[in-house]
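Structural overview
The lines below spell out each chain.
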Amino acid sequence: MLDTPAAEKSSSYSLAATEGGGVFLSWVESAEGVGHSLRFAELREDEWGDATTVATGEGWFVNWIDHPAVVPLPGGRLAAHRLVHDEDRQGDYGYGIRLAFSHDRGATWREVFRASGDGVDGYAGFVAYAPAADGLEMAYLSTVRDDDVEAAAGGHGEVEPRMALRSARFNAAGRLVGDRQVDADVCSCCTTAMAPSSDGLFLAFRDRREGEFRDISFARLRDERWSSPRLVHRDGWHIRGCPTNGPALASSESGPAVAWFTAAGGESKVLAAFWNSGKQRFDDPIRIDNGSPRGWAGIATLEDGSAAVSWVERSEAGHFELRVRRVSEAGSTGTALTVAPVPAGRSAVGVPKLVRSRDGLIFAWRDGGVHTAVVPTEALE
C-alpha cells in the first residue's frame, strides 16, 4: 500500500505515467467554502510527494465515472482538465471540459481550451490523452443535438443523448491546432482510452451501432488523419443504454493491447486482445476474469510483450476485489492476484486505475477516500 496525500473522502482520481516510468496521481477533494479542488502528487521512489493544487472553484461536476486528470508532457510540462457546470445551463448535467497547461511543473496554470455539449443537459467529458508530435492529442465525448435520432433509455436513467467522439490537438505551447470528429455516434458515458504505437496513435471506445449494439471499437491516427472506426471484436452486446464500463488501452514495442468488459449473451466477461501488426487488426480476445466480473478493466504492457490486466471481481464469498493477472500474446494467463478488497457500489469504488512505473504496477481506487498500491511485476506468474 502507498499512502496518498489525498484528503479524506477525496474522489475522481486518475493515474498517468511518463515515458520514463514516473507516475502522477490526481484527485478531486472538497475545498471548504469554495467548492472543490483538483490536486496531484508525483511518485518519488516508494512514496507520493506533496500535493499540488491545479485549480479550486465552485460549480464543478464531480461524479464516480467521469474523472479529471493531470498528465505529464515532455519538457516538464503538464496538462490538466476538470469538469465544470456551464453557467448558462440549468440541467442536471450541462457540464464541460476546462483544459489547462503548465510549463513549470504545476506552479502556474493557463486555461487553453473549453468544450461543452449541445442542449440544456448536454455535456463534454470522458477525456483520454496521448503525446503527439511536440504536443498533445486529447479525445473526448460531446453531446450532439439530433432531434431525428430515436434516443434509448440511457445509463443515467433518462433519455440518452447522442454523443460524438472528438479529438483535439494542442502544440507544445498549449495552443489548439485542430479539433475533429472521430465517430458521430458512440456510447454516452463510457470512458475512452488512447495510446501511441509504431502503428499509429490508437483510440479505443465503446461504440453505439445500429440496433443498440455496444461493442468496443478503435480508430488510428496516422499521417494526421483518423481512420474509420473498426471493431476490436464483435461481441454482440445488445443493450439499450450505456453500461458505463469503458475499455483500457496500453502499448509496447510490439503494439497496443486493449482490455474491456462485455455482457454479450447475458454472460459477463473481461477480455483482452493484442494488436497483430502483420494482419493490421486485433487478434481474438482472451478471457481474463474468474467468472463473476463487474468490469472496469485496466491494462499495462510489460517488457516481455505480455500485459497485466486488472478488473473488479465478485469473490465466492460475495465480496468485491480488485484483481490483476498477466496475459501473454499467445493467450496464456497467470494466476489472478487480489490487489485489495473494494466497495460493492460502483459510485463508492469509482473506476480503478492501473499504470506501469519504474518499479512495478501502480493501482488506484476509492474506498472512503483515494487509495493506491504497488505490485512488483515479478509477482505476476
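The model shown is predicted, which means the values in this text are computed figures rather than measured ones. (Residues numbered from 1 in each chain as written. Predicted model: local features only at pLDDT ≥ 70, side-chain atom pairs only at ≥ 80, totals over all residues. Heavy atoms only, no water.)

**Thoughts on the packing of aromatic side chains**
Threshold: The rule is short: rings of Phe, Tyr and Trp, with Trp giving its six-membered ring, pair when the centres are within 6.5 Å, and they are stacked under 30 degrees, edge-to-face over 60, tilted in between. By definition, any uninterrupted DSSP run of H or I lasting at least four residues is a helix, any uninterrupted run of E lasting at least two residues is a strand, and each is numbered from the N terminus. The classification of residues rests on relative accessible area computed with a 1.4 Å probe and restricted to protein chains. Under 20% of the type maximum is buried, over 50% is exposed, and intermediate values are partly exposed.
Scanning the model with the defined rule gives 16 aromatic pairs in all. Ring geometry for Trp64 versus Trp296: centroids 5.9 Å apart, planes at 80 degrees, classification edge-to-face. Within this pair, whereas Trp64 is found in the loop between β5 (52-57) and β6 (69-72), its partner Trp296 is found in strand β24 (residues 293-301), the two being separated by 232 residues in sequence. The same class applies to Trp64 and to Trp296, which are both buried. On the basis of an interplanar angle of 20 degrees and a centroid distance of 5.9 Å, the ring pair of Phe202 and Phe218 is categorised as stacked. Note that Phe202 is positioned in strand β15 (residues 200-206) and Phe218 in strand β16 (residues 216-222), a separation of 16 residues in sequence. In this structure Phe218 comes out as buried when scored by relative accessible area, which is 2%. Through a chain of ring-to-ring contacts, the aromatic side chains of Phe61, Tyr93, Tyr95 and Tyr123 assemble into a single cluster.

**A look at the confidence of the model for the protein chain**
Threshold: What pLDDT conveys is the predictor's confidence in a given residue, as a value from 0 to 100. When checking whether two residues touch, look at their non-hydrogen atoms; a contact exists if any pair is within 4.5 Å.
For the protein chain, mean pLDDT is 93; residues scoring 70 or higher make up 95% of the total. A low-confidence stretch, residues 148-157 stays under pLDDT 50, and its non-local contacts, those more than four residues away or across chains, total 29 contacts.

**Topic: the sheet that holds strand β30 (residues 370-375)**
Applicable threshold: Should DSSP find at least two bridges between two strands, the strands are taken to pair. Helix axes are fitted to C-alpha atoms over the stretch in contact, other axes to C-alpha atoms as well, and angles between N-to-C directions run from 0 to 180 degrees.
One open sheet accounts for three strands, arranged β28-β29-β30; its pairing is antiparallel. Either end of the sheet is taken by a strand with one partner, and the two such strands are β28 (353-356) and β30. Within the sheet, the average angular offset between the axes of one strand and its neighbour, ignoring direction, is 20 degrees. Here strand β29 (residues 361-366) pairs with β30 via six bridges, running antiparallel. Across the sheet, residue Leu361 finds its bridge partner in β30, namely Val375.

**Here's the deal with the pairing of strand β25 (residues 307-314)**
The element β25 is largely enclosed, with a buried count of seven among its eight residues. Pairing analysis gives six bridges linking β24 to β25, with the strands arranged antiparallel. Counterpart to Gly298 in the pairing with β25 is Ser310. The turn linking β24 back onto β25 is made up of five residues, and Gly305 within it adopts a positive phi angle of 95 degrees. Both β25 and strand β26 (residues 320-327) contribute to a ladder of eight bridges, which runs antiparallel. Note that in β26 the partner of Glu313 across the bridge is Glu321.

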